[in-house]
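Secondary and tertiary structure notes
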Amino acid sequence: MAKEMVIVLDFGGQYNQLIARRVRECNVYCEVLPYTKTLDEIKALNPKGIIFTGGPNSVYDETSPHYEKAIFELGIPILGICYGSQLMAYTLGGEVATAPVSEYGHTDVEVDTTSVLFHDVADTTVCWMSHTDYIKEVPEGFHITAHTPVCPVAAMECAEKKLYATQFHPEVMHTKEGMKMLHNFVYDVCGCVGDWKMDSFVETTIKSLREKIGDGKVLCALSGGVDSSVAAVLLSKAIGKQLTCVFVDHGLLRKNEGDEVEAVFGPDGPYELNFIRVNAQQRYYDKLKGVTEPEAKRKIIGEEFIRVFEEEAKKIGSVDFLVQGTIYPDVIESGLGKSAVIKSHHNVGGLPDVVDFKEIIEPLRMLFKDEVRKAGLELGIPEYLVYRQPFPGPGLGIRIIGEVTEEKVKIVQEADYIYREEIAKAGVDKGLGQYFAALTNMRSVGVMGDFRTYDYAIALRAVNTSDFMTAEATQLPWEVLAKVTNRIVNEVKGVNRVMYDCTGKPPATIEFE
Ligand code: XMP
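Keep in mind that what you see is a predicted model, and the values were worked out from it rather than measured. (Residues numbered from 1 in each chain as written. Predicted model: local features only at pLDDT ≥ 70, side-chain atom pairs only at ≥ 80, totals over all residues. Heavy atoms only, no water.)

In this section: the overall build of the protein. Helices and strands together make up the secondary structure of the protein, namely 14 helices and 18 strands. In summary, the protein has a C-alpha radius of gyration of 25 Å against a globular reference of 24 Å for 513 residues, a match within 12%. By principal-axis analysis of the C-alpha atoms, the protein measures approximately 80 × 60 × 40 Å. Evaluated residue by residue, the protein yields a buried proportion of 56% over its 513 residues. Total accessible area computed for the protein in this model is approximately 22100 Å², and 50% of it derives from carbon and sulfur atoms. (Helix = DSSP H or I, 4+ residues; strand = E, 2+ residues; numbered from the N terminus. Rg over C-alpha atoms; globule rule 2.2 N^0.38 Å. Buried < 20%, exposed > 50% of the residue type's maximum accessible area, 1.4 Å probe, protein only. Areas by Shrake-Rupley, 256 points an atom, 1.4 Å probe, with all protein chains shown as cover.)

Attention now goes to the pattern of salt bridges. Enumeration according to the criterion identifies 34 salt bridges in this entry. Salt-bridge contacts for E311 lead to R283; the nearest nitrogen and oxygen are separated by 2.9 Å. Of this pair, E311 sits in helix α9 (residues 294–316) while R283 sits in helix α8 (residues 281–288), placing them 28 residues apart in sequence. The class of E311 is partly exposed, set by a relative accessible area of 37%. For K297, the salt bridge is made with E513, and the minimal N-O distance between the two is 2.6 Å. One end of the pair, K297, is in helix α9; the other, E513, is in the segment after β18 (495–500), and 216 residues separate them in sequence. Residue class for E513 comes out buried when judged on its relative accessible area of 8%. (Salt bridge = Lys/Arg side-chain N within 4 Å of Asp/Glu carboxyl O.)

Moving on: the sheet that holds strand β12 (residues 275–279). Strand order in the open sheet formed by five strands is β12-β11-β10-β13-β14, with parallel pairing between adjacent strands. If you trace the sheet from one side to the other, it starts and ends with β12 and β14 (359–361), each paired once. Adjacent strand axes in the sheet meet at a mean angle of 30 degrees, parallel and antiparallel pairs treated alike. Pairing analysis gives four bridges linking strand β10 (residues 217–221) to strand β13 (residues 319–323), with the strands arranged parallel. By the bridge assignment for β13, V218 is matched with F321. Packed on one face of the sheet, helix α5 (residues 198–213) meets β10, β13 and β14 and runs near 170 degrees to β14. Contacts between helix α7 (residues 257–265) and the sheet are confined to β11 (243–249) and β12, with β12 contributing the most and set at about 165 degrees to the helix. (Pairing = 2+ DSSP bridges. Axes fitted to C-alpha atoms, helices over the stretch in contact; angles between N-to-C directions. Contact = heavy atoms within 4.5 Å.)

Before going further, it helps to examine the pairing of strand β7 (residues 143–147). Note that strand β5 (residues 95–111) and β7 share two bridges and pair antiparallel. By the bridge assignment for β7, E110 is matched with H147. Relative to strand β8 (residues 155–158), β7 runs antiparallel, the two being bridged by three bridges. Bridged to I144 within β8 is M156.

A few words now on unusual backbone geometry. The bulk of non-glycine residues show a negative phi, and the bulk of peptide bonds are trans. A cis amide bond links K505 with the next residue in sequence, P506, at an omega value of -15 degrees. Relative to the helices and strands, P506 resides in the segment after β18. Of note, the amide linkage connecting P506 to P507 takes the cis form, showing an omega dihedral of 10 degrees. Note on placement: P507 falls in the segment after β18. Positioned with a positive phi, N256 is a non-glycine residue whose angle comes to about 65 degrees. Mapped onto the fold, N256 is located in the loop between β11 and α7. Residue class for N256 comes out partly exposed when judged on its relative accessible area of 39%. Residues other than glycine seldom take positive phi values, yet N274 does so here, at roughly 50 degrees. Tracing the sequence through the fold places N274 in the loop between α7 and β12.

Moving on: the site of the ligand. Around the ligand, the surrounding shell holds 15 residues, and the nearest of these are K343, H346, K505, I510 and E511. The contact in question runs from an oxygen atom of the ligand to an N or O atom on the side chain of R298, over 2.8 Å. Here an oxygen atom of the ligand and a side-chain polar atom of Q434 are 2.8 Å apart. Relative to its unbound accessible surface of 490 Å², the ligand loses 94% to contact with the protein. Considered class by class, the residues forming the shell around the ligand number five nonpolar, five polar and five charged. (Near = heavy atom within 4 Å. Polar contact = N/O pair within 3.5 Å; in protein donor to acceptor, adjacent residues only side chain to side chain. Nonpolar A, V, L, I, M, F, W, Y, C, P; charged D, E, K, R; others polar.)

Moving on, we get to the environment of G446. For G446, the location among the structural elements is in strand β15 (residues 434–448). Separated by ten residues in sequence, G446 and Y456 place their C-alpha atoms 9.9 Å apart. Discounting chain neighbours no more than four positions away, the residues touching G446 are F451, R452, T453 and N496.

With 116 residues, the main nonpolar core has L9, I71, F309, I458 and I488 as its most contacted residues. Ranked by residues supplied to this core, first place goes to helix α6 (residues 226–239) with nine residues. Of all hydrophobic cores here, the second largest spans 31 residues; its members include V121, F168, F185 and V189. (Core = buried A, V, L, I, M, F, W, Y, C linked by side-chain atoms within 4.5 Å.)

Here it is, written out as structure tokens:
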């Protein structure tokens, strides 16, 4: 169990989990907690350091989040970032004001390299700014350690009290030496030794799952994807035979996928998961009949998953816990917390209001995809499973624009199969974050063998991404695209046109719905 912990206190910024993740990259355990945690609750966790996040507010807004001054007197090192820096200045008697010139994006910042925070950082370093307010006067006992031509206090500190603050965001990639700064804070200010690694996560999580579950029974929603597979194996290590994994074939899987998942996770595979496959294809097609709105489709699919799990739990009897492989981007994009809803990920925002389990356990909820993969490797899951491209829970349901029918599922399955086959043959799959075929709901006129056709258009997508929260369209070789197009129009009945999606995320998303 990791002994050291740094807390990220969440004041509503966009990058809160990213800060936590950067600290974990420094081999120090880190968790995000809401700013509503009391001082006693924070003290009880005995953190080595606390980081205040950014946030959209001004310290002067009536509704803006604040924290009691006593937190600065605990002797625990604190780093305030953006809004967090202004909050530190304001609470301790400095002055915060609207900046005459707002700064957004890359900014050259001059730093005082004698500050521990900027040890080994260049005198002038590119940082990422995003602010309208700024610190005009530092509180008593503080001095300025960085500035820009228009921001007099880009960083300040009171080394004696171990209080540090930056107006810019060290956690984002655009801050060139941000990792160094966080490393300096965690090691040289907080005095951490770095005793945390992914194996500590696995070990700690197994221990806490055992404590929570006791001798209770657990049903794990297993889709065969990376996240739920890691969650299932984690649970299996924690509670062994108390676990049952339910795999729902909702008829929206890729070609042959149901059988492939069963071969790996079923009774003939290497894992002891009490695997149950539920063939619920028709049930999903019936529910989705006539439904075209993406969020409505997601909600129906999400709800049906839960209903199937409830039915299976009843058959087993006395199942208290449902485990899902939810990861951090699922949570943030479903708009939980303060961010906007982008889409309701099936296992988060797509959940129905009433769920007949005592508790839902999501052991991977704070991890990013690449961290989940590291945890998977730690658990001994083979690389070919760990590095598989993600496949969303609602499956082809969100890769068929508009109404889902069995016929459309067949079309997109065949097209996708050809696409994946050709990508693999050409050896261009390495480094691709995700690639798939989707069925646009568009039909257009074509000509085949002297006959007019009026058929569907398939869209091909391939993206490069590591965090799945942003992505860029991959420049696939034209020969590969031409080959795939040729095969799809020749081999898949009902398709006479193929398009390639050149859009990044943002402004698009990776999936189509
Ligand atoms: P988007 O389309 O939001 O997708 O850019 C980001 C990543 O999340 C996956 N995704 C989902 N995964 N349940 C999941 O388990 C969902 O409801 C869901 N929606 C999107 C998507 O495949 C991509 O990897």
